[in-house]
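So the chains spell out like this:
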Amino acid sequence: MKLFDCPHCGHRLYFENAQCLNCSSLVLYDPERACFVLCGGDAVPCGNADECACNWRAEPGRIFCRACALNQWIPDLSVEGNRRRWIRVEAAKKRAVYSLLAFGLPVAPKAGPQDEAGLAFDFLADPIGGGPGGERILTGHDNGRITLNVAEADSAERERRRVEMGENYRTLLGHFRHELGHYYWDRLIRDDPERLSGFRALFGDERVDYEQALKAHYAKGAPPDWEQRHISAYAASHPWEDWAETWAHHLHITDTLEMVHALNFPLGRLETVEANDLPPGDTGGHPLREPAEPDPPPEPFERILARWLVLSEASNSINRCMGLPDLYPFVISEMTAQKLAFVHQLLTDLPKTNGTIREQATAL
């Protein structure tokens, strides 16, 4: 994630801003240009601006912005608290969509029920009273449709589920990145023999029965040595889940490092040494080039990971000083690093289909 500038006065803006605090200008985020624009004229607010505090520009000639156009179901707003939950869900979803666009990934709404390539979001709540048999809405992915239980927007409920599931980390943004990993496995790997072969060599054979694998995982738990091969215990349940967890962590890492660089926050001696070693035109893996400049060669993931290890150690230590849980409570083994590098190579090999924003975010 970057920092942004007010198009009127140049004052700093953050991704969630809808108004400049310095000059009071109303602003909109333009996903095609990856910057803020002044509200007015051709820059029309998304139709959800007053519904869920959306601060994105509506697509030309359309009601909704590029992110809100992906929604198929939203929570029942007549239920107390659901609008607040939806606002939190949308804020996390837009951060996830930002990363997708930055990497030049295809992001388009479903054209209909049979459209397998399109993407859709359903934000639903458990039936009042639990429904027949105590049914609950489960967060998941199915053929391009990502469902999220809006109860996850309540911190206390999400923490209860995190403890119940024995997880180190559980956030709305993490949910989106994980489920999007499943979606892009279908889009980028499933039908590409070379990528599929590389995937199986690292993650395993996805043809193993998925339902049985999950049942075994919930009944027996992860194997004792899972940390040597997986980023999380859940990743050990099936190659698809290993991929989705690894994909999500790659987005955690690259998005956070982008913000660190935007804040001009050096990562100790490592940052100083690397800055002297960078080839001409290389930004150290951060999207700060002007769109007209030629693309530098993609940065090796090993260097990105080295910066991440410095940052995660520092942030975890700071949290402990404040009596808080670790910000990044994970261990990246050699095997997990190879899997993260596989995701990174796949993303850096993508064709530049998103114009300016892709050019600005290359080589993360």
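Parameters at a glance
- Residues numbered from 1 in each chain as written.
- Predicted model: local features only at pLDDT ≥ 70, side-chain atom pairs only at ≥ 80, totals over all residues.
- Heavy atoms only, no water.
- Pairing = 2+ DSSP bridges.
- Helix = DSSP H or I, 4+ residues; strand = E, 2+ residues; numbered from the N terminus.
- Polar contact = N/O pair within 3.5 Å; in protein donor to acceptor, adjacent residues only side chain to side chain.
- Contact = heavy atoms within 4.5 Å.
- Axes fitted to C-alpha atoms, helices over the stretch in contact; angles between N-to-C directions.
- Parallel < 35°, antiparallel > 145°, perpendicular 65-115°, else oblique.
- Left-handed = near helix turned anticlockwise from the far one by under 90°.
- pLDDT = per-residue confidence, 0-100.
- Expected span 1.5 Å × (residues − 1).
- Buried < 20%, exposed > 50% of the residue type's maximum accessible area, 1.4 Å probe, protein only.

A.B. asks: I'd like a description of the pairing of strand β4 (residues 35-38), backed by residues and values.
C.D. replies: One ladder, built from four bridges, connects strand β3 (residues 27-30) with β4; its direction is antiparallel. Residue pairing across strands places V27 opposite L38, the latter belonging to β4. Count of turn residues in the β3/β4 antiparallel hairpin: four residues, of which A34 carries a positive phi of about 55 degrees.

A.B. asks: Describe the side chain of N55, listing the residues and the values that go with them.
C.D. replies: Looking at the secondary structure, you find N55 in the loop between α1 (49-52) and β5 (71-73). In this structure the side chain of N55 is engaged in a polar contact, spanning 2.9 Å, whose partner is the backbone oxygen of F15. There is a polar contact of 2.7 Å between the side chain of N55 and the backbone oxygen of N17. In this structure N55 touches F15, E16, N17, A18, V27, L28, Y29 and F36, once residues within four positions along its chain are discounted.

A.B. asks: Mind laying out the packing of helix α9 (residues 301-321) against helix α10 (residues 334-348), listing which residues take part and the relevant values?
C.D. replies: Axis separation between α9 and α10 bottoms out at 10 Å; the angle between their running directions is 120 degrees. Overall, the two elements α9 and α10 adopt an arrangement that is oblique. For the crossing formed where α9 meets α10, the hand is right-handed. Where α9 abuts α10, its residues F301, I304 and L305 lie against A337, L340, A341 and H344.

A.B. asks: Kindly report on the confidence of the model for the protein chain, identifying the contributing residues and their values.
C.D. replies: This prediction gives the protein chain a mean pLDDT of 87; 86% of its residues lie at or above 70. Contacts from residues 353-364, a stretch scored under 50 in pLDDT, to residues over four places away or in other chains number 48 contacts.

A.B. asks: An account of helix α2 (residues 82-102) is requested, with residue identities and associated values reported.
C.D. replies: Counting along an α-helix, one turn takes 3.6 residues, and residues three or four places apart therefore face a common direction. Its 21 residues give α2 an end-to-end C-alpha distance of 30 Å, which sits within 8% of 30 Å, the value for a rise of 1.5 Å per residue. The element α2 is largely enclosed, with a buried count of 15 among its 21 residues. Of the residues one or two after α2, G104 is the one with positive phi, at around 75 degrees.

A.B. asks: How would you summarise the sheet that holds strand β7 (residues 140-142) if you had to cite specific residues and measurements?
C.D. replies: Across the sheet, four strands lie side by side as β5-β6-β8-β7; this open sheet has mixed pairing. Lying at the two open borders of the sheet, with one neighbouring strand each, are β5 and β7. Between one strand and the next, the sheet's axes are offset by a mean angle of 30 degrees, whatever the strand orientation. Both strand β6 (residues 120-124) and strand β8 (residues 145-149) contribute to a ladder of five bridges, which runs parallel. In the strand pairing of β8, A120 is matched with R145. Taken strand by strand, α2 contacts β5, β6 and β8, and its axis lies near 155 degrees from that of β6.

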